[in-house]
Amino acid sequence: MSVRRLAKEQPASFAFSKGTKKKADWWIAKYPAERKASAVIPILWLVQKQEGWVSEPAIRAIAEMLAMPYIRVLEVATFYTMFQLEPVGRTALIQVCGTTPCMLRGANELMATCREKIGAKDHLSADGRFTWQEVECLGACANAPMAQINDYYFEDLTPETLAQIIDDFAAGKSPKAGSYVGRTSSEPEGGATTLNDPKLYDGSAARPIKKLPNSEPAKEPA
């Protein structure tokens with residue numbers, strides 16, 4: 001596994017926005033005062049949502065807020081791959097799943113589309129609006145191949161549909177998330193093939209029960 005490092009170029013400072021500070025205080029209040037370091041992961045996430053990434057000055061600010069050694073916060077930020085340690089595209093961060101089910105269903109072709117339209121993996125596009133990455137399993141194997149774009153899953157993708165999604169983001173649109181072959185959840189393509197009759201699950205086909213077993217309150221001992 002490669003070592004994850006902070007970006008070489010860092011901002012001069014970091015400041016919590018009012019909204020981020022309020023949410024951070026809410027998380028800290030969930031723990032005993034002597035255990036407030038337990039809030040480090042959610043606060044790192046809040047900072048990333050504010051800035052788009054986690055900078056070195058932000059890590060120092062979090063360490064001060066939680067009375068933690070700087071190195072401890074750095075350890076957490078560099079361990080979890082969900083934390084971006086250098087700037088990412090301000091319009092879209094595209095994370096293409098490259099694990100086995102997605103790879104068998106065309107993940108390589110999706111990555112080729114990203115490379116063609118955005119540039120090199122793990123780097124900002126020339127206009128600073130896009131970044132794409134290859135990531136491990138995102139848990140939507142039944143709808144492979146898929147990608148997480150910003151906060152949402154885009155599933156059952158083809159190179160053509162992914163290219164259109166990127167173009168739509170570039171044009172300032174908000175492409176719909178979910179399946180691109182019309183699935184609901186992870187049902188078979190073309191629609192569900194089981195439990196098609198509502199009577200099977202809405203209770204209407206069940207025989208009425210006049211009295212539930214063990215429904216009488218227990219009698220107190222004499």
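Structure's up top.
Below, the structure is looked at part by part. Please read all numbers here as calculations on a predicted model, not as lab measurements.

Considerations on the overall build of the protein chain
- When you go through the protein chain residue by residue, the secondary structure sums to seven helices and five strands.
- Listing the helices and strands of the protein chain from first to last along the sequence gives α-α-α-α-β-α-α-β-β-β-α-β.
- Projected onto the principal axes, the alpha-carbon positions of the protein chain cover approximately 75 × 60 × 35 Å.
- Put simply, the protein chain has 222 residues, and 37% of those count as buried.
- Within the protein chain, contacts between residues at least 6 apart in sequence are counted, and of these 63% link residues at least 24 apart.
- Element-wise, carbon and sulfur atoms account for 54% of the exposed surface of the protein chain, whose accessible area totals about 14,300 Å².
- Positive and negative charge centroids in the protein chain, built from 27 and 26 side chains respectively, lie 6 Å apart.

Focus on the nonpolar core
- Within the largest apolar cluster, 25 residues are counted, with the highest numbers of intra-cluster contacts made by Ile94, Cys114 and Ile149.
- For this core, the secondary-structure elements that each account for two or more residues are β1 (92–97), α6 (107–117), β2 (130–135), β3 (147–149) and α7 (159–170).
- Among all residues touching Ile149, those that are not within four sequence positions of it are Ala92, Leu93, Ile94, Phe154, Leu162, Ile165 and Phe169.
- Counting 24 residues, the second largest nonpolar core, distinct from the first, contains Ile28, Val40, Val47 and Ala63.

Thoughts on the side chain of Thr131
- Topologically, Thr131 is positioned in strand β2.
- A polar side-chain atom of Thr131 sits 2.7 Å from the main-chain amide nitrogen of Gly89.

A look at the pattern of salt bridges
- If you walk through the whole model with that rule in mind, you get seven salt bridges.
- The closest approach of N and O atoms between Asp151 and Lys49, which form a salt bridge, is 2.6 Å. Placement of the pair is Asp151 in the loop between β3 and β4 (152–155) and Lys49 in helix α2 (residues 40–51), with a sequence separation of 102 residues.
- One salt bridge in this structure joins Lys121 and Glu134, with 3.6 Å as the shortest N-O distance. Of the two residues, Lys121 is situated in the loop between α6 and β2 and Glu134 in strand β2; the sequence distance between them amounts to 13 residues.
- By relative accessible area, Glu134 is classed as partly exposed at 36%.

Examining empty space enclosed by the protein
- Under the criterion given, the structure shown has one cavity of 30 Å³ or more.
- Counted as a void, the largest cavity has a volume near 40 Å³.
- Lining the largest cavity are Cys97, Thr99, Pro101, Cys102, Cys137, Leu138, Gly139, Ala140, Cys141 and Met146.

Here's the deal with the side chain of Ser55
- Checked against the element boundaries, Ser55 lands in the loop between α2 and α3 (56–65).
- If we skip the residues at most four places from it in the chain, Ser55 touches Gln10 and Pro11.

Describing the pairing of β2
- Buried residues dominate β2, accounting for five of its six residues.
- Strand direction decides the pairing type here: β1 and β2, joined by six bridges, are parallel. Across the sheet, the residue bridging to Leu93 is Thr131, located in β2.

Here we look at the environment of Pro188
- Turning to its location among the elements, Pro188 is positioned in the segment after β5 (178–179).
- Sequence separation between Pro188 and Ala142 is 46 residues; the distance between their C-alpha atoms is 8.8 Å.

Brief notes about the environment of Thr99
- On the secondary structure map, Thr99 appears in the loop between β1 and α5 (100–104).
- Along the primary structure Thr99 and Gln133 are separated by 34 residues, whereas in three dimensions their C-alpha atoms are 13 Å apart.
- Apart from residues lying up to four places away in sequence, Thr99 is in contact with Val135, Glu136 and Cys137.
- Looking at Thr99, its side chain comes within polar contact range of the main-chain nitrogen of Cys137, at 2.8 Å.

Criteria and thresholds
- Residues numbered from 1 in each chain as written.
- Predicted model: local features only at pLDDT ≥ 70, side-chain atom pairs only at ≥ 80, totals over all residues.
- Heavy atoms only, no water.
- Helix = DSSP H or I, 4+ residues; strand = E, 2+ residues; numbered from the N terminus.
- Buried < 20%, exposed > 50% of the residue type's maximum accessible area, 1.4 Å probe, protein only.
- Contact = heavy atoms within 4.5 Å.
- Areas by Shrake-Rupley, 256 points an atom, 1.4 Å probe, with all protein chains shown as cover.
- Lys, Arg positive; Asp, Glu negative; His and termini not counted.
- Charge placed at Lys NZ, Arg CZ, Asp CG, Glu CD.
- Core = buried A, V, L, I, M, F, W, Y, C linked by side-chain atoms within 4.5 Å.
- Polar contact = N/O pair within 3.5 Å; in protein donor to acceptor, adjacent residues only side chain to side chain.
- Salt bridge = Lys/Arg side-chain N within 4 Å of Asp/Glu carboxyl O.
- 1 Å grid on protein atoms, 1.4 Å probe; cavity = no way out; pocket = protein on both sides within 12 Å on 5 of 7 lines; lining within 4 Å.
- Points joined across faces, edges and corners; volume = space filled by probe spheres on them.
- Pairing = 2+ DSSP bridges.

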